[in-house]
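# Structure at a glance
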Amino acid sequence: MIPAPKPPSRPGKVSLWRYLRLFRQDILSAQPAKLYRAWMAEFRTPFFRSYLCNDPTLLRLVLNERPDDFPKSDRIGEGLRPLLGNSVFLTNGETWKRQRRIIDPAFEGGRLRDTFPAMLEAARAASARLRPGEVEIEAEASHAAADVIFRTLFSIPIEHEMARGVFEAFRAYQRNQPLLNLAAFLPLPRWFPRFHRRSTRAKAAEIRSLITRLTEARAAEIATGTAPDDLATKIMTTADPLSGQRFDAAEMTDQVAIFFLAGHETSASALSWALWLLASHPEIQARCLAEAQTFLRDPSFSGLSKLPLIRDVFRETLRLYPPVPMMVRETRQRESFRNRAVTPGAQVVLSPWHLQRHERIWTEPDHFDPDRWQRPETRKAARDGYLPFSSGPRVCTGAGFAMAEGVILLATLLAEWEFAPAGPVPQPVAFLTVRARDGIVLRLSRRTEPAGAGPA
Ligand code: HEM
């Protein structure tokens, strides 16, 4: 097996200031090797402390047992607030709880299955856009994932004028605004000057005005009984069971912005890495093909579990290249972490990136081995060291959606295309999500001629 590379680690001890300098360039290659073995690491400065936690007991404490005592820090949202407003990704406390009560039902079981046909249409459209030869696959994956979001949320394809407008504006926005910015990890004093580039703020305003047009149009359709039965309609017509309130127009814009951002960047990252891993492991790609072809001959949506190997490929991709590499919480009161006293206001860093390649949790942590998911010993590792969607009440709303989307997209693309590596081995870096520093270039060859094609 070829190991799935992580960026070269920094050896041994790294001074905080050096760490911060590296962090500014790229947080993934700033990571010292020992963090892939440690249960906890403490970073101290005169102004703040932060704790990177890999200990499963600590993770359960923060995410599952006492989540209200470890809220998201306000700072994580600083860069994103102009775009995301008061969205569920950024809020805490009662506001967050109310928002989840309205959103969650749209993503549950049967309702989620209603979105699968739209995912398949987006997957077929993505496959039809591909051409034989060398292709930069991240761009294609972004396009496909954005299409999935628009088709499932608003019943419009990416070619729709407004969908395309949002997609293009997001592309420009994310080049300027990293999700994992330094400020999110370092509690800078309140007086410290914040930089929101004017161009970033302007892009955020443009995206929000496009989204507002979409939600206003939908509100009008709901009022006249002509709205399609998609995710947007479900969310806009669901009342909070406790207060009876629905989202008002501004709050719905906030939520759509986060669905688009959280739902399309992450899925695009996972799909790109999955295709690269399959391209560099042709024997596994060949095994997936049989499954994919059977599925596409009769795509029954009760039966995504009929694609067990492709599902395990996607799980293993999320382990090696978690699209959200790190999450940050803040302590509200004194805590004791592994017998160390932790003061209020400390930053708690939860890192799927380290945890999922942790040498004391996973066997051969850097190896791409989808079959591990069928071995009984993986159960414990998965319980202790697998958090691609986070865990507990703040778990990703779209986890089930994203798993189905990943499997449907992979199956559709694999049935029609063969993928081989073409460019250099991609180096993971954290932009908005974990991406390849110089993109991922693959060589594509068509497995079958599309129906109706052939010599004239
Ligand atoms: C492979 C794809 C995806 C991955 C790996 C992923 C991962 C995550 C993670 C780790 C979080 C927690 C972040 C934190 O607590 O700081 C999160 C939150 C969230 N995700 Fe996803 N996500 C994916 C796809 C999606 C999709 C498709 C949607 C919606 C359509 C979505 C919507 C959200 C929302 C709304 C939150 C905020 C939840 C809250 O704070 O209560 N995600 N996601």
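Before going into details, it helps to say that this report is about the structure given with it. Every value quoted in this text rests on a predicted model; they were computed, and no experiment measured them. (Residues numbered from 1 in each chain as written. Predicted model: local features only at pLDDT ≥ 70, side-chain atom pairs only at ≥ 80, totals over all residues. Heavy atoms only, no water.)

### Here we look at the overall build of the protein
Stated formally: The secondary structure listing takes helices from DSSP runs of H or I that are at least 4 residues long and strands from runs of E that are at least 2 residues long, numbered from the N terminus. Classification of residues uses two cut-offs on accessible area relative to the type maximum, computed with a 1.4 Å probe and protein chains only: under 20% is buried, over 50% is exposed, and between them is partly exposed. The contact definition used throughout considers only heavy atoms, calling two residues in contact when any of these lie within 4.5 Å. Computed with the Shrake-Rupley method and a 1.4 Å probe, the accessible areas treat only the protein chains shown as cover for residues.
A tally of helices and strands in the protein yields 17 helices and 11 strands. Looking at the protein residue by residue over its 456 residues, the buried ones come to 57%. Once local pairs closer than 6 in sequence are excluded, the contacts in the protein between residues at least 24 apart make up 74%. Accessible area of the protein: about 19500 Å², with a carbon and sulfur share of 54%.

### A short note on the packing of helix α6 (residues 116-129) against helix α7 (residues 137-154)
As a reminder of what qualifies: An axis is simply a line fitted to the C-alpha atoms; with a helix, the fit covers only the stretch in contact. Between two such axes, the angle follows the N-to-C directions and lies from 0 to 180 degrees. If an angle is under 35 degrees, it is roughly parallel; if it is over 145, roughly antiparallel; if it lies from 65 to 115, roughly perpendicular; otherwise it is oblique. Take the far helix as the reference: if the near one is turned anticlockwise from it by less than a right angle, the crossing is left-handed, and if turned clockwise, right-handed.
Relative orientation of the contacting elements α6 and α7 amounts to 150°, with a least axis distance of 9 Å. Between α6 and α7, the crossing angle belongs to the class labelled roughly antiparallel. Considering only the axes of α6 and α7, their crossing is right-handed. Note on element contacts: α7 touches α6 through Glu140, His143, Ala144, Asp147, Val148, Arg151 and Thr152, opposite Ala118, Met119, Glu121, Ala122, Ala125, Ala126 and Arg129.

### Digging into the side chain of Ser390
Tracing the chain through its elements places Ser390 in the loop between α16 (378-385) and α17 (399-416). Among residues more than four places away in sequence, those in contact with Ser390 are Leu63, Met327, Arg329 and Val395.

### Quick look at the pattern of salt bridges
Using the following cut-off: Within this document, salt bridges are pairs made up of a side-chain nitrogen of Lys or Arg and a carboxyl oxygen of Asp or Glu, the two lying within 4 Å of each other.
Within this structure, the stated rule accounts for 32 salt bridges. Of the charged contacts in the structure, one is a salt bridge between Arg49 and Glu42, with a shortest N-O distance of 3.8 Å. Residue Arg49 is classed as partly exposed on the basis of its relative accessible area, which comes to 30%. With a relative accessible area of 18%, Glu42 lands in the buried category. Residue Glu206 is joined to Lys203 by a salt bridge in which the shortest nitrogen-to-oxygen separation is 2.9 Å. Note that Glu206 and Lys203 are positioned in helix α10 (residues 198-223) at a spacing of 3 residues, about one turn of the helix.

### Here we look at the site of the ligand
Defined as follows: Whether a residue is near a molecule or strand depends on its heavy atoms: if one lies within 4 Å, it is near. Think of a polar contact as two N or O atoms within 3.5 Å of one another; within protein, one of them needs to be a possible hydrogen donor and the other a possible acceptor, and neighboring residues in sequence only count if both atoms come from side chains.
Around the ligand lies a shell of 25 residues, among which Trp96, Arg100, Arg329, Arg394 and Cys396 are the nearest. The contact in question runs from an oxygen atom of the ligand to an N or O atom on the side chain of Lys72, over 3.3 Å. At 2.7 Å from an oxygen atom of the ligand is found a side-chain nitrogen or oxygen belonging to Arg329. With 4 residues, helix α12 (residues 249-279) is the single largest residue contributor to the shell around the ligand.

### A closer look at the sheet that holds strand β3 (residues 133-136)
Quick reminder of the rule: Here, strands pair whenever DSSP counts at least two bridges between them.
A sheet is described by the order of its strands in space; here 3 strands give the open sequence β3-β11-β8, paired in antiparallel fashion. Each edge of the open sheet carries a strand with a single partner, namely β3 and β8 (417-421). Adjacent strand axes in the sheet meet at a mean angle of 40° when their direction is disregarded. In this structure, β3 lies alongside strand β11 (residues 441-446), joined through 4 bridges in antiparallel fashion. When the sheet's bridge partners are listed, Glu134 is paired in β11 with Arg443. On the sheet, α7 packs against β3, β8 and β11 and is oriented at approximately 60° with respect to β3.

### With respect to the pairing of β11
As defined by bridge partners, β8 adjoins β11 across 5 bridges and the pair is classed as antiparallel. Following the sheet pairing, Pro421 is matched in β11 by Leu442.

### Focus on the coordination of the iron atom of the ligand
Inclusion rule: Atoms of type N, O and S within 2.8 Å of a metal are treated as its donors, and for Na, K and Ca the window is 3.2 Å; water is not considered, so some sites may appear to be missing partners.
Coordination of the iron atom of the ligand by the protein comes from a single atom, Cys396 (SG), at 2.3 Å. With respect to the element layout, Cys396 can be found in the loop between α16 and α17.

### Re the packing of aromatic side chains
Filter applied, for reference: Aromatic rings from Phe, Tyr and Trp, taking only the six-membered ring of Trp, are treated as a pair when their centres fall within 6.5 Å; an angle between ring planes under 30 degrees marks them as stacked, one over 60 as edge-to-face, and anything in between as tilted. Counted as over-ring charges are cases with an Arg CZ or a Lys NZ within 6 Å of the ring centre that also lie within 35 degrees of the ring normal.
Tallying each qualifying case throughout the model produces 11 aromatic pairs. These aromatic residues form a ring-pair network of at least three members: Tyr51, Phe70 and Phe337. Directly above the aromatic system of Tyr321 lies the positively charged group of Arg357, at a separation of 5.3 Å from the ring centroid.

### With respect to unusual backbone geometry
Phi at Glu364 is positive, roughly 40°, even though this residue is not glycine. The residue Ser390 is not glycine, and still its phi comes out positive at about 65°.

### Considering the sheet that holds strand β4 (residues 327-330)
With mixed pairing, the 4 strands of this open sheet are ordered in space as β1-β2-β7-β4. Every other strand in the sheet has two partners, leaving β1 (40-44) and β4 as the edge strands with one partner each. Here the average twist between neighbouring strands, direction ignored, is 20°. Strand direction decides the pairing type here: strand β2 (residues 49-53) and strand β7 (residues 347-350), joined by 4 bridges, are parallel. Paired with Ser50 across the two strands is Gln347, which belongs to β7. In the packing of helix α2 (residues 56-65) onto the sheet, contacts are made with β1, β2, β4 and β7, and the angle to β7 comes to roughly 110°.

### Some thoughts on the nonpolar core
Quick reminder of the rule: Side-chain atoms within 4.5 Å are what join buried Ala, Val, Leu, Ile, Met, Phe, Trp, Tyr and Cys residues into a set we call a nonpolar core.
Grouped together as the largest cluster of nonpolar side chains are 128 residues, with contacts concentrated most on Phe107, Ile310, Phe337, Ile408, Leu410, Phe419 and Leu442. Here the element with the most residues in this core is α12; it accounts for 17 residues. If we ignore the near neighbours within four places in the chain, the residues touching Phe107 are Leu112, Leu231, Ile235, Phe259, Thr397, Gly398 and Phe401. Ala41, Phe43, Met326 and Val349 belong to the second-largest nonpolar core, a separate cluster that totals 6 residues.

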